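# Architecture at a glance
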Amino acid sequence: MVLRSVNSWTFLLFLGILSRVSQSLHFELQSGRTKCISEDIKSNSMTVGKYSVVNPNEAHPSPPSHKISIRVTSSYGNTYHHAEDVESGQFAFTAVEAGDYMTCFTAVDHKPEVTLSIDLDWRTGVHSKNWNSVAKKSQVEVMVFEVKKLIETVNSIHEEMFYLRDREEEMQNLNRATNSKMAWLTFLSLFVCLGVAGMQFLHLKSFLEKKKVI
């Protein structure tokens, strides 16, 4: 049982870390359509994102049809970033609420319909920091940089474990509450069935007595 619990925690931890490493995506979006991408972010985590519409002809400015609107919202409906009719942009914020954060892209309506190619780089937690801009050339500074990076990674894993533990506790509480409600519902259903059966028996007995069968 202990080994199974440890393996379960390790598996969940790796899933949590992998889901928060980064999302470097390239996707297509048709005119007038909307596409949303979600990311599970824990509270007090830094997250940064950079997006751009690929110009089909780099020698010329992007056509008016290659514009998008973007909105980043939390699972509670709070907006953290919003932009209209842009070709590119970026966002950065510290998550106040834990949960799924949604980034929705909407292409401007255009006739005839065109297909836009969009690049999105979304990073969360320790991976949101631009370590390349911090690294130095000297050996001592490189060592200091590596130590800082390791400390940040360890802190991120430590926070991730507490976050997963809280999520597991929430799920256990939900399961207990659900089981309790199901138990009460089962007893109630049994009581109703016994009551209906008793009423049917009394009705049948009364009917047979009136017919003088018994």
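Look above for the structure.
Residues numbered from 1 in each chain as written. Predicted model: local features only at pLDDT ≥ 70, side-chain atom pairs only at ≥ 80, totals over all residues. Heavy atoms only, no water.

## Some details on the overall build of the protein
When its secondary structure is counted, the protein shows 2 helices and 8 strands. Scanning the protein from its N terminus toward the C terminus, one meets helices and strands in the order α-β-β-β-β-β-β-β-β-α. Residue burial in the protein is summarised as follows: out of 214 residues, 26% are buried. Sequence separation of 24 or more characterises 72% of the internal contacts of the protein that already satisfy a separation of 6 or more. Accessible area for the protein stands at about 14,900 Å²; split by element, carbon and sulfur atoms hold 61% of it. (Helix = DSSP H or I, 4+ residues; strand = E, 2+ residues; numbered from the N terminus. Buried < 20%, exposed > 50% of the residue type's maximum accessible area, 1.4 Å probe, protein only. Contact = heavy atoms within 4.5 Å. Areas by Shrake-Rupley, 256 points an atom, 1.4 Å probe, with all protein chains shown as cover.)

## Description of the side chain of S74
Residue placement: S74 occurs in the loop between β4 (68–73) and β5 (79–86). Under the relative-accessibility criterion, S74 is labelled buried at 6%. Those residues within four positions of S74 in sequence are excluded, and the remaining contacts are Y80, E97, D100 and Y101.

## Comments concerning the nonpolar core
Counting 21 residues, the largest nonpolar core has Y51, I68, F91, F105, I118, L120 and W122 as the members making the most contacts within it. Listed by contribution, the elements that provide at least two residues to this core are β1 (22–30), β2 (34–41), β3 (46–53), β4, β5, β6 (88–94), β7 (99–107) and β8 (115–124). Considering every element that reaches this core, the biggest residue donor is β8, with 4 residues. (Core = buried A, V, L, I, M, F, W, Y, C linked by side-chain atoms within 4.5 Å.)

## Some thoughts on the pairing of β3
Look at any regular strand and the pattern is simple: side chains alternate between the two faces of the sheet. Here β3 shows a buried face lined by T47, G49, Y51 and V53 and an unburied face lined by M46, V48, K50 and S52. Relative to β6, β3 runs antiparallel, the two sharing 7 bridges. Its bridge partner being in β6, Y51 is matched across the sheet by G89. (Pairing = 2+ DSSP bridges.)

## Some words on the state of the cysteines
Scanning the model with the defined rule gives 1 disulfide in all. Across the disulfide from C36 sits C104; the S-S distance is 2.0 Å. Here C36 and C104 share a disulfide; its torsion about the S-S bond, 110°, makes the bridge right-handed. Taken together, the residues span a long stretch of sequence, with C36 in strand β2 and C104 in strand β7 at a distance of 68 residues. Of the residues examined, C36 reaches a relative accessible area of 38% and is grouped as partly exposed. (Disulfide = S-S within 2.5 Å.)

## Section: the environment of L120
Along the polypeptide, L120 turns up in strand β8. Spatially, the C-alpha atoms of L120 and I37 are 9.9 Å apart, while their sequence positions differ by 83 residues.

## Things to note about the pattern of salt bridges
Scanning the entire structure with this criterion turns up 4 salt bridges. Linking D40 and R167 is a salt bridge whose minimum nitrogen-to-oxygen distance equals 3.4 Å. Of this pair, D40 sits in strand β2 while R167 sits in helix α2 (residues 139–210), and the two are 127 residues apart along the sequence. Classification of D40 as partly exposed rests on a relative accessible area of 22%. Classification of R167 as partly exposed rests on a relative accessible area of 36%. In this structure, E160 engages K42 in a salt bridge whose closest nitrogen and oxygen atoms are separated by 3.5 Å. (Salt bridge = Lys/Arg side-chain N within 4 Å of Asp/Glu carboxyl O.)

## Quick look at the packing of aromatic side chains
Counted according to the given criterion, the structure contains 8 aromatic pairs. Through successive ring pairs, a cluster of aromatic residues spans F27, Y51, Y80, F91, F93, Y101, F105 and W122. (Phe/Tyr/Trp six-rings, centres within 6.5 Å; stacked < 30°, edge-to-face > 60°.)

## Topic: the sheet that holds β2
Across the sheet, which stays open at both edges, the 4 strands sit in the order β2-β7-β4-β5 with antiparallel pairing between neighbours. Among the strands making up the open sheet, the edge pair consists of β2 and β5. On average, each strand axis in the sheet is inclined to that of its neighbour by 10°, with strand direction left out of account. Pairing geometry for β4 and β5, over 5 bridges, is antiparallel. Residue pairing across strands places R71 opposite H82, the latter belonging to β5. (Axes fitted to C-alpha atoms, helices over the stretch in contact; angles between N-to-C directions.)

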